[in-house]
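An overview of the molecular structure
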Amino acid sequence: MDNASIIRNTINEIPRVEGPVAVTEYSHPFCAMAYSREPLDLEQYGYLEEEFFLSGTANVYDADENDLPVVARQGLPYKNRILVRRPKSGQDFSGRVYVDIMNATQGYDIEDLWHRNYLWCMEYGHAYVGITSKPVNVMSLKNFDYERYGELNWSNGELVPAPVISRTATIPGTEEGLFWDMLSQLGVLLRQDGENCLGGYRAEYIYLTGQSQSGAYLNTYVSYFDRYARRENGKSIYDGYMNIVGALVQRSIRQDKKIGNLRLSKRNMHPSSTPYICMSSEADLYLFNLFVEGNLLQMKIENTDTPEDKCRYYEIPGAPHTDIICPILSALGEIEQAGGKAPNLDPKLLENINDMHVEYYVCGLLEKLHRWAAYNEAPEVCMPLIREKGDLRRDVNGNAEGGLRSPYVDVPVAGYVASNPEDPEGICGVMTYFSREKVEELYGSAENYLQKFADYTDAQQREGWITETDAGKLKEWSREAVKKIFENDV
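Predicted model, so just to flag it, every value in this text is computed and none were measured.

1. Considerations on the overall build of the protein chain
Secondary structure summary: the protein chain contains 14 helices and 16 strands in total. When the backbone C-alpha atoms are referred to their principal axes, the protein chain occupies close to 70 × 55 × 45 Å. Residues classed as buried in the protein chain amount to 58% of the 490 residues present. Considering only intrachain contacts with a sequence separation of at least 6, the fraction spanning at least 24 residues in the protein chain is 76%.

Below is the structure:
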């Protein structure tokens, strides 16, 4: 059997399913919504949460002289876990499934997509599936509850001494590169009738996403495996892809023997015929420079819509890398039990944290991705952030120019720094409200500001960048901002 046939056959294997795994007084899934910082009662939204274990075999791949995957080791057994959230009633299911490559940067599973889109998913009846993406996260699960997760396995089949575990390196005797086949096989499973981890609901559209480090994983998967991960009708297993704040980087296809994990590098992808939306927050253009060679401000991703290459790229001015104060992040006690690195919640850091709600635009772009995949309506092209003299060009308020705009920066009452200089990784960002005098100078009155903000927000809603619900939240944000400025005279 030739190399391409082996890849396709492995991709189309259907993993064995265990679950839903029982939830008891003494055992629950890591990332369970009932144990988040502010517990979320999914029942009130008509949703349920289930965990499953998936078992199968996966290959390890190298890249050949044409940078295409070749099988290096074949048929290694694995056992991994997924988390599913879906409507309790099939009548409420939209037919869409959003698969999230759970982030591994802190050494435990972080559901970055769910944190961005959970309210949107539950408003419109979409299903969410998160998949564990790295052996160190499997170890954190075993730390958290060994009786529950003890059989999870990413072994490379080699006998090694007892491992010394760190948060950044992988675990000796495991192979991160098994993940690509796990990801494809999950997509195949979700498309099955009957036992598909979706309660038997038929998935009409399945979209794959990744954020930050997981966005690097997504770029690697799309570049190497989208061409092989095909259904009988020739369409991709996944109907579309969205890379959230990880657009400019990717991972190696196999662990680097020297550093012991998948190497991080600048994006260098093969084109994909499957619709692909990718975005960078302003912070990403600085953050990832700490980890890869070269200046990411010099990178350019082309917007294309041809049969062979479908890509849209957006940069969001003022936007931080992620949201560390989201209420449904795992509680600190859960993280401690898993042995992960807790987020930096120093009050000094949080006092002026950038509170730009990037999630509204993430959900808008997810909707545009669906229209591209389902109706061949390619999203609008936006110019990137404007570069000038080796940096970003900024207006008189210090806000970056160009990119996918928002009322935060076009009808501003604050100046935004996307990368917080007090945080060495720059993921938080800071903001500084204008004085009352400056707001009155710009708008004449609070009422005029609120009207301009509302008009701008309504226009973005009509254009599909944000939903009606999120437009309402933006307007509420503007009212609260005015209260802070005019009552406290910031």
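2. A short note on the sheet that holds strand 7 (residues 240-244)
The strand order 1-2-3-5-4-6-7-10-12-11 describes an open sheet built from 10 strands, whose pairing is mixed. At either margin of the open sheet sits one strand with a lone partner, and together these are strand 1 (16-18) and strand 11 (304-306). Mean inter-strand twist for the sheet, computed between neighbouring axes without regard to direction, equals 20°. Pairing of strand 4 (residues 96-101) with strand 5 (residues 127-131), which is carried by five bridges, proceeds in the parallel orientation. If you follow D100 over to strand 5, its bridge partner there is G130. Against the sheet, helix 1 (residues 3-11) contacts strand 2 (47-63) and strand 3 (69-87), and its axis sits at roughly 25° relative to strand 3. Where helix 10 (residues 359-375) meets the sheet, its contacts fall on strand 4, strand 6 (205-211), strand 7, strand 10 (276-281), strand 11 and strand 12 (309-316), and the angle it forms with strand 10 comes to roughly 160°.

3. Here's the deal with helix 3 (residues 135-144)
Judged by how many residues are buried, helix 3 sits mostly within the fold: eight of 10 residues are covered. Every buried residue belonging to helix 3 is among P135, V136, N137, V138, S140, L141, K142 and F144, and all of these are buried. Summarising the contacts, the buried residues of helix 3 are in contact with strand 3, helix 4 (146-149) and helix 8 (332-338).

4. Let's talk about the layout of surface pockets
The computed volume of the second largest pocket comes to approximately 290 Å³. For the second largest pocket, the lining is made up of 18 residues, of which R231, K235, D239, P275 and A373 are closest to its centre. The element contributing the most residues to the lining of the second largest pocket is helix 10, with three residues. The class makeup of the residues in the lining of the second largest pocket is six nonpolar, six polar and six charged.

5. With respect to the side chain of S280
Relative to the helices and strands, S280 resides in strand 10. Beyond its immediate chain neighbours, meaning those up to four positions away, S280 contacts V245, A247, L248, Y313, Y314, E315 and I316.

6. Observations regarding the packing of aromatic side chains
Taken as a whole and assessed by the stated rule, the structure comprises 28 aromatic pairs. Ring geometry for Y408 versus Y416: centroids 6.1 Å apart, planes at 80°, classification edge-to-face. Taken together, Y61, W154, F179, W180, Y217, Y221, Y224, F225, Y238, Y241 and Y276 form an aromatic cluster joined through their ring pairs. Positioned above the aromatic ring of Y201 is the side chain of R86, whose terminal nitrogen or guanidinium carbon lies 4.9 Å from the ring centre.

7. Looking at the pattern of salt bridges
The full count for this structure, using the stated rule, is 31 salt bridges. The partner of D239 in a salt bridge is R191, and the shortest N-O contact between them spans 2.5 Å. With a gap of 48 residues between them, D239 in the loop between helix 6 (213-225) and strand 7 and R191 in the loop between helix 5 (179-190) and strand 6 connect regions that are remote in the sequence. Comparing D239 with R191, the two get one shared label, buried. A salt bridge links R231 to D239; the shortest N-O distance between them is 2.9 Å. Overlapping salt bridges, with partners in common, bring together R16, E18, K79 and E151 in one network.

8. A short note on the side chain of T322
Positionally, T322 belongs in the loop between strand 12 and helix 8. Given the relative accessible area of 18%, T322 is considered buried. Side chain to side chain, T322 and Q211 meet in a polar contact 3.2 Å long. In this view, T322 contacts D112, R116, Q211 and I427; residues no more than four positions away in its chain are not counted.

9. Let's talk about empty space enclosed by the protein
For the structure shown, the criterion picks out one cavity of 30 Å³ or more. One number sums up the size of the largest cavity: a volume of about 30 Å³. Sorting the residues of the lining of the largest cavity by element identifies strand 3 and helix 5 as the ones contributing at least two each.

10. Examining the confidence of the model for the protein chain
Low pLDDT marks stretches whose predicted atomic positions should not be read closely. When pLDDT is averaged across the protein chain, the result is 94; 97% of the residues are at 70 or more. Predicted confidence is poor over residues 161-169, with pLDDT under 50, and the contacts of this stretch with residues over four places away or in other chains come to 14 contacts.

11. Regarding the environment of D145
Within the secondary structure, D145 sits in the loop between helix 3 and helix 4. Look at D145 and you get buried, because its relative accessible area is 12%. Distance in space between the C-alpha atoms of D145 and P29 is 8.7 Å, their sequence separation being 116 residues. Those residues in contact with D145 that sit more than four places away from it in its chain are Y26, S27 and H28. At 3.1 Å, the side chain of D145 forms a polar contact with the backbone nitrogen of R148.

12. So, helix 5
Compared with an ideal rise of 1.5 Å per residue, which puts 12 residues at 16 Å, helix 5 spans 17 Å between its outermost C-alpha atoms and is within 8% of the ideal. Burial analysis of helix 5 places 12 of its 12 residues in the buried class, which makes it a mostly covered element. By the burial criterion, the buried members of helix 5 are F179, W180, D181, M182, L183, S184, Q185, L186, G187, V188, L189 and L190.

Rules of the game
- Residues numbered from 1 in each chain as written.
- Predicted model: local features only at pLDDT ≥ 70, side-chain atom pairs only at ≥ 80, totals over all residues.
- Heavy atoms only, no water.
- Helix = DSSP H or I, 4+ residues; strand = E, 2+ residues; numbered from the N terminus.
- Buried < 20%, exposed > 50% of the residue type's maximum accessible area, 1.4 Å probe, protein only.
- Contact = heavy atoms within 4.5 Å.
- Pairing = 2+ DSSP bridges.
- Axes fitted to C-alpha atoms, helices over the stretch in contact; angles between N-to-C directions.
- 1 Å grid on protein atoms, 1.4 Å probe; cavity = no way out; pocket = protein on both sides within 12 Å on 5 of 7 lines; lining within 4 Å.
- Points joined across faces, edges and corners; volume = space filled by probe spheres on them.
- Nonpolar A, V, L, I, M, F, W, Y, C, P; charged D, E, K, R; others polar.
- Phe/Tyr/Trp six-rings, centres within 6.5 Å; stacked < 30°, edge-to-face > 60°.
- Lys NZ or Arg CZ within 6 Å of the ring centre and 35° of its normal.
- Salt bridge = Lys/Arg side-chain N within 4 Å of Asp/Glu carboxyl O.
- Polar contact = N/O pair within 3.5 Å; in protein donor to acceptor, adjacent residues only side chain to side chain.
- pLDDT = per-residue confidence, 0-100.
- Expected span 1.5 Å × (residues − 1).

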